[in-house]
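A closer look at the structure
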Amino acid sequence: MVCLDAKYLVLVLLVVQNTCLVLLMRYSRTRPGTMYLGSTAVCCDEAMKLITCLGIITCSYYLKKRNNDDGSAEYSQLNSSDADEKQLEDGFDEFEVDDDDGDRIDTNATQLDKSNETFREYLRDQLQFDFRMGGLALLYTIQKNLLYVAISNLDAAVFQVTYQAKILTTALFSVLLLKRKLSKQKIGGLLLLTMGVALVQLDKVEDNASKSYQEQNRWAGVLAVLGACCTSGFGGVYFELVLKPHQADSTGPPPSVWAKNVQLSTFALIIALTTAFIKDHKAILSDGFFQGYSPLVLLVITLEAGGGLVVAAVIKYADNILKSFATAVSIVTSTIVSMWVFGFIVSKLFIQGSLLVFVAIGLYSRNESASNSSSAEKDEVEAPSSSRSDRRLQTQTSEIAMMTMNSRRSSDALP
């Protein structure tokens, strides 16, 4: 019952976060006055993530140290359900892994041996920098800059529907680079998705667009959102090709979600700062780095930075069908609010295209979710009871790996 409540709670948070982020970002980019620079907003976003994750790692260290000093044996002997609830809080993944000889290594014992390690040693163990993550950080920094361009030139509803093309780009890169095969159902979903996005773009967007006090260029927004879809799709494939095999070859316990975010945010902050001073150096030198900033802009940056944490929670508690439902609810909610607040006019083409996109998302997500659930039920029936605990620990391991990949995709939290 608790897990069920948590599932729907994180979905509500995802809908609220997505809807508020898109609408507030759109308003902040169309209001009168001096406009803030999207490139500097990306820098602030990454800096906020870096500081937050470093703070969580620091708290994890002192909580771990205090519990060890108190002699709490229960802390290091958590059962599987307790470990699952404590993984994000403690900064370690408490499970057993196989070494090269096939022997089992108890990572709890390793943690007890390190109970007296200094904070510097703890950071060194956690922050094992992999420079290959710089490629992933580059992709997502480009993506975030493109999203600011897109939302500046497209209405929130049009932007959200068009951004669903990231499903298509991810599938194409998976087929081309990972040599994966798609089922007929998934191919049908991708075709419907393409048709839906095309219908939305064929609409008379300029005539139905909401009022903006800033200059807008529809095709610049369309190209920007399509570019963001490409970087999003290639980012997932890059993780599969480059980073995931490297993590699988590692013999020790993987770094925590927060440590992975520190690595990626560090690379992304350096790249974002370089991009800002190359792209907008004249504006920064003349009017300052924080020109046009206001409490609204800070709220937008905070929502964007927190999106990755919401996505990580959704990956842990929800399945693809529920996430697809949350995406549809977010699009509908943003459309309704855009009509009332921004004066956006909903046409028949927009409604038809949106409906096709909703059906496509459901088709593309349903097959994978159903196959995963059926295979899990089959394994549960056939597996002997003595091996179920090991399988549960392996499942927790894969969940943490997926959370590591998706917690960085805060921009993909935009439905």
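This structure is a prediction, so every number in the text was calculated from the model and none was measured. (Residues numbered from 1 in each chain as written. Predicted model: local features only at pLDDT ≥ 70, side-chain atom pairs only at ≥ 80, totals over all residues. Heavy atoms only, no water.)

1. Some details on the packing of aromatic side chains
In this structure the tally under the stated criterion is nine aromatic pairs. Note on Y36 and Y148: the rings are 6.3 Å apart at their centroids and 90° apart in plane angle, and the pair reads as edge-to-face. Of this pair, Y36 sits in the loop between helix 1 (2-30) and helix 2 (38-69) while Y148 sits in helix 7 (residues 133-153), and the two are 112 residues apart along the sequence. Of the two residues, Y36 and Y148, both sit in the buried class. Taken together, a centroid distance of 5.4 Å and an interplanar angle of 65° make the contact between F173 and F234 edge-to-face. (Phe/Tyr/Trp six-rings, centres within 6.5 Å; stacked < 30°, edge-to-face > 60°. Helix = DSSP H or I, 4+ residues; strand = E, 2+ residues; numbered from the N terminus. Buried < 20%, exposed > 50% of the residue type's maximum accessible area, 1.4 Å probe, protein only.)

2. A word on the nonpolar core
Y148 and F159 are the most contacted members of the largest nonpolar core, which totals 61 residues. Residue contributions to this core peak at eight residues, all from helix 2. If we skip the residues at most four places from it in the chain, Y148 touches M25, R29, Y36, G38, A41, V42, V300, I301 and E304. (Core = buried A, V, L, I, M, F, W, Y, C linked by side-chain atoms within 4.5 Å. Contact = heavy atoms within 4.5 Å.)

3. Thoughts on the pattern of salt bridges
Taken as a whole and assessed by the stated rule, the structure comprises five salt bridges. Note that D155 and R26 form a salt bridge whose closest N and O atoms lie 3.9 Å from each other. In this pair, D155 sits in the loop between helix 7 and helix 8 (156-163) while R26 sits in helix 1, placing the two residues 129 residues apart along the sequence. A single burial state applies to D155 and to R26, both of which are buried. Close ionic contact of K144 with E46 constitutes a salt bridge, the shortest N to O distance being 2.6 Å. Here E46 lies in helix 2 and K144 lies in helix 7, a separation of 98 residues in the sequence. Accessibility assignment for this pair places K144 and E46 in one class, buried. (Salt bridge = Lys/Arg side-chain N within 4 Å of Asp/Glu carboxyl O.)

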